[in-house]
Structure formats: structure tokens, C-alpha cells
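# Analysis of the macromolecular model
Chain residues, written in single-letter form:
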Amino acid sequence: MKYARIVGTGSYLPERVMTNADIERLVDTSDSWIRERTGIRERRIAAEGETTCDLAEKAARRALKAAGVAPREIDLIVVGTTTADQIFPSTACLLQARLGIHGPAAFDVQAVCTGFVYALGVADQFVRTGAATTVLVIGAETMSRIIDWQDRDTCVLFGDGAGAVVLKADSKPGILSTHLHADGKHADLLQVPGGISGGYEDGRDPYLRMRGKEVFKVATTTLSRIVDETLETNGLSREDVDWLIPHQANNRIIAAIGRKLGLPEERVVNTVAEHGNTSAASVPLALDTAVRDGRIQPGELLLLEAFGGGFTWGSALVRY
Ligand code: COA
């Protein structure tokens, strides 16, 4: 039996910090409202000209260094992103060229905030079947580019960043299971209406629009269900989980899932205050933060989960 093991993590945040006070100058909001309703204090914003691939490259190089893996050993790149640099080539192909890798498959996965978990699930299948042995999996976003900075319903929530992991095939687990789901019927609750085949000139809204209250309800119930599904598949109980590494959208959703698992707050990796919602980057950013500060130790059991536009949702149970 082959498993995919996480052998290195990395992340990168743009330099510019945007605080709640900065956002108070843009829209009718307040630091206390944002902190109370979301837990967010600040977020990072990519510099002018700084792209998703720039962030992905920095995170990837840090993960490769941590893993002690050279770019030429990588035989698959999967990037979760919804804010690609260009319509094509994919961000994964742009990144592959920068890393000097030539030949192996490289592609993007578009599942919005579930993008990294989807990318990890896809990469896991490649490793389990023997189709790949050393994989770079990335979640990277410049959400600031699809935010309407006049819309207080959304602009307080999102940020930019990237996180990466290197996976290696191993006889020891590894990723125990991944669970990927979607239900397109809720598209109108969270979307960027503008697109490509609808035409550039038809004036369709190019910004992220959300019905926050409704998204909140679906996210909480759906994530709660996927926690059960993940544990049941593996014949494990909630006491077996050492760390919850949740999608960083909102403190209240994170806390609800932590309670569901019966985990004390200090066993839930929470970076939402400093990062905001970085969409596909949020789970790998949180993972790398807790690996580098020494909280997550080898052999521990990690539950990763995410929810996002589509709707999409997913989880991964990982023996680190
Ligand atoms: N600043 C100040 N007030 C704001 C505001 C802002 N940025 N945004 C909304 N408000 C106001 C509303 O107009 C409303 O005012 P009213 O009571 O006078 O009508 C009040 O605050 C409450 O709004 P509501 O939408 O009910 O707040 P909420 O408690 O649902 O919190 C979210 C809003 C967006 C923080 C919350 O719904 C949420 O987190 N949803 C999930 C979002 C998410 O995770 N999306 C990504 C999924 S990947």
C-alpha cells in the first residue's frame, strides 16, 4: 500500500499589512465589528504587480527547502487557486517554468476556498496509484484583485497569501483519506458573476459577491457533517485527532467545528486574525504556521477541512 506523506511545508505572505483601521477608511465599518463577527484583525495584500504565481513560488521554494527536495525530483505540480495570473497558461505551468522543471504534469484546480484540499485530494490519488512519487501541492491566492473595496459585506474578510506542501510516496501513512464534495445549486450565495465565455464586454460584475448569513449556515452544517464522514471512514473517533487545521474564514465557524470535535481551543490552529480568509491558501498557511512554530509534531493526527464557493467542501485526515 502506498501513501502520500507530507515531508515539507512552506508559506508566504505579501509584505503589506492592511489593518481593520485601514478598512475603516474605505467603507462604513469598524474594527470592533470586524473582530467580533469574524475574528480578523488584519490581512496581507499583494503589492502592485505581485501575482498569485509570485506568492506560490515563494511558498513552494520554502516547502522544497524544508523537505530537502530538489525541484528536479518533483513529478507533479497541483495548484489550488481561483485567482490565476492569466487565463492560460495555468499558474501551475507558470510556476513549473520558474522552478526549472520540464515534462511532468502541472495543472490548476479551481475549487475556491476548498482549492488546497481538492489539490491535496487529487495529488493523493496520483501517489496512491503510483502515477507520481514526489508532488508539490500549493494553495495560492490574490483575493484582493477580485474584491470590491467599496463593498463592506466582503472587503473586510479576505486577504492574499500562499501555502505549499511537498508529498512523497511512502509505505507508511501519510494522508489516510481525503473527502471532496460539491453542490452547485448554491452558486448564487457566493460567486464572481463575471467570467470568460460570458464575454468581457457585457458588463458582468467582476467582483466577489456573497450572501454572508446564508453562506455561514451552510458552511457550519456542511463542515460538521464532513468531520463525521472523515472519522467514520477511518474507524477513528474525535479523541484521536490531535489538531484541527480549518479553513480560516471566520472565528465562529472555526470554533463550531472545534467544539464538534471536542478539541480545546489550543488544539485548533487559528490564523484568521492575522491572515483573514486567503481562500485556497488558508489551510496550507495555517498548517505551515503550526509546523514551523513547533506545535505540530511527527506522528500526530491532523484534520484539515475547508468550505468555499461552488459550493465545494472537503477534508483530509493526515498522519504527520
Ligand atoms: N461593518 C459593519 N457592519 C456591517 C458590515 C461591516 N463590514 N457588514 C454588514 N454589517 C451590518 C449589516 O448591515 C447588519 O446591519 P443591520 O443589523 O442594521 O441590518 C449587521 O451588520 C449584521 O449583518 P449580518 O450580515 O447579519 O452579520 P453576520 O453576523 O451574519 O456577519 C459575516 C456577517 C459576513 C461576517 C458572516 O455572515 C460570515 O462570516 N459569513 C460567512 C462568510 C464566509 O465565511 N465566507 C467565505 C466562505 S469560504
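Note that the coordinates shown come from a computational prediction; the quantities given were computed from them, not determined experimentally.

Procedures and definitions
- Residues numbered from 1 in each chain as written.
- Predicted model: local features only at pLDDT ≥ 70, side-chain atom pairs only at ≥ 80, totals over all residues.
- Heavy atoms only, no water.
- Patch = residues over 30% accessible without salt bridge, like charges linked within 9 Å, V, L, I, M, F, W, Y side chains within 5 Å.
- Areas by Shrake-Rupley, 256 points an atom, 1.4 Å probe, with all protein chains shown as cover.
- Salt bridge = Lys/Arg side-chain N within 4 Å of Asp/Glu carboxyl O.
- Lys, Arg positive; Asp, Glu negative; His and termini not counted.
- Charge placed at Lys NZ, Arg CZ, Asp CG, Glu CD.
- Helix = DSSP H or I, 4+ residues; strand = E, 2+ residues; numbered from the N terminus.
- Buried < 20%, exposed > 50% of the residue type's maximum accessible area, 1.4 Å probe, protein only.
- Phe/Tyr/Trp six-rings, centres within 6.5 Å; stacked < 30°, edge-to-face > 60°.
- Near = heavy atom within 4 Å.
- Polar contact = N/O pair within 3.5 Å; in protein donor to acceptor, adjacent residues only side chain to side chain.
- Nonpolar A, V, L, I, M, F, W, Y, C, P; charged D, E, K, R; others polar.
- Domains from an automatic or database assignment.
- Contact = heavy atoms within 4.5 Å.
- Buried area = accessible area lost by both parts, 1.4 Å probe.
- Axes fitted to C-alpha atoms, helices over the stretch in contact; angles between N-to-C directions.
- Parallel < 35°, antiparallel > 145°, perpendicular 65-115°, else oblique.
- Left-handed = near helix turned anticlockwise from the far one by under 90°.
- Core = buried A, V, L, I, M, F, W, Y, C linked by side-chain atoms within 4.5 Å.
- Pairing = 2+ DSSP bridges.

Together, Arg 37, Lys 213, Lys 217 and Arg 252 make up a region of like positive charge exposed at the surface. As for its placement among the helices and strands, Lys 213 is situated in helix α7 (residues 212–233).

Time to look at the pattern of salt bridges. Scanning the entire structure with this criterion turns up 20 salt bridges. The salt bridge partner of Arg 5 is Asp 170, with a shortest N-O separation of 3.9 Å. On the criterion of sequence distance, the pair formed by Arg 5 in strand β1 (residues 3–12) and Asp 170 in strand β7 (residues 160–170) is long-range, its members being 165 residues apart. Assessed through its relative accessible area of 26%, Asp 170 is described here as partly exposed.

So, about the packing of aromatic side chains. Working definition: an aromatic ring pair is given by the centre-to-centre distance plus the angle between the planes. The final tally for this structure, using the stated rule, is three aromatic pairs. Ring centres 6.2 Å apart and planes at 40° place the aromatic pair Phe 107 and Phe 126 in the tilted group. One end of the pair, Phe 107, is in strand β5 (residues 105–109); the other, Phe 126, is in helix α5 (residues 115–128), with 19 residues separating them in the sequence. A relative accessible area of 26% places Phe 107 in the partly exposed class. The partly exposed category is assigned to Phe 126, whose relative accessible area is 28%. Residues Phe 307 and Phe 311 carry aromatic rings whose centres are separated by 4.7 Å and whose planes lie at 50° to one another, so their mutual orientation is tilted.

The next thing to look at is the site of the ligand. Around the ligand sit 22 residues, and of these Thr 29, Arg 37, Arg 152, Lys 213 and Asn 250 come closest. One nitrogen or oxygen atom from the side chain of Trp 33 is found 3.2 Å from an oxygen atom belonging to the ligand. One nitrogen or oxygen atom from the side chain of Arg 252 is found 3.4 Å from an oxygen atom belonging to the ligand. Across the complex, the protein chains shield 73% of the 960 Å² of accessible surface that the ligand would expose by itself. Elements with a contribution of two residues or more to the shell around the ligand: α2 (31–38), α6 (152–155), α7, α8 (251–260) and β12 (301–308). The element best represented in the shell around the ligand is α7, accounting for four residues. Among the residues making up the shell around the ligand, the classes are represented as nine nonpolar, seven polar and six charged. When residues of the shell around the ligand are sorted by domain, at least three fall in each of domain 1 (3–172) and domain 2 (176–319).

On to the domain arrangement of the protein, then. When its domains are assigned, the protein resolves into domain 1 (3–172) and domain 2 (176–319). Summarising the inter-unit geometry, the C-alpha centres of domain 1 and domain 2 are found 14 Å apart. The interface is formed by 52 residues belonging to domain 1 together with 47 residues belonging to domain 2. With both sides pooled, the region where domain 1 packs onto domain 2 buries about 3,800 Å², and carbon together with sulfur makes up 62% of that total.

This part covers the packing of helix α3 (residues 52–67) against helix α4 (residues 91–98). Remark: α3 packs on α4, axes separated minimally by 10 Å, with the N-to-C direction vectors making an angle of 55°. For the element pair α3 / α4, the angle class is oblique. Crossing handedness for the pair α3 and α4: right-handed. On the side of α3, the interface is formed by Thr 52, Cys 53, Asp 54, Ala 56, Glu 57, Ala 60 and Arg 61, while α4 contributes Thr 91, Leu 94, Leu 95 and Arg 98.

So, on to the nonpolar core. Core analysis: the biggest nonpolar cluster contains 39 residues, and Leu 208, Leu 261, Phe 307 and Phe 311 have the highest contact counts within it. Every element with two or more residues in this core is listed here: α7, α8, β12 and β13 (312–319). With seven residues, α7 is the single largest residue contributor to this core. Both domain 1 (3–172) and domain 2 (176–319) contribute no fewer than three residues apiece to this core. Leave out the neighbours within four places in its chain, and Phe 311 touches His 181, Ala 182, Asp 183, Gly 184, His 186, Leu 189, Leu 190, Val 215 and Val 218. Core analysis: the second largest hydrophobic core is formed by 34 residues, Ile 6, Ala 286, Ile 296 and Val 318 among them.

This part takes up the sheet that holds strand β8 (residues 175–182). In any sheet, the strands associate via hydrogen bonds between backbone groups, in a parallel or an antiparallel arrangement. Here we have four strands laid out as an open sheet, ordered β8-β13-β12-β11, and mixed in their pairing. Only two strands of the sheet have a single neighbouring strand rather than two, namely β8 and β11 (243–246). Sheet twist, expressed as the average angle between the axes of neighbouring strands with direction ignored, equals 10°.

The residue Asp 22 is located in helix α1 (residues 20–24) in this model. A distance of 2.6 Å separates polar atoms of two side chains, one belonging to Asp 22 and the other to Arg 25.

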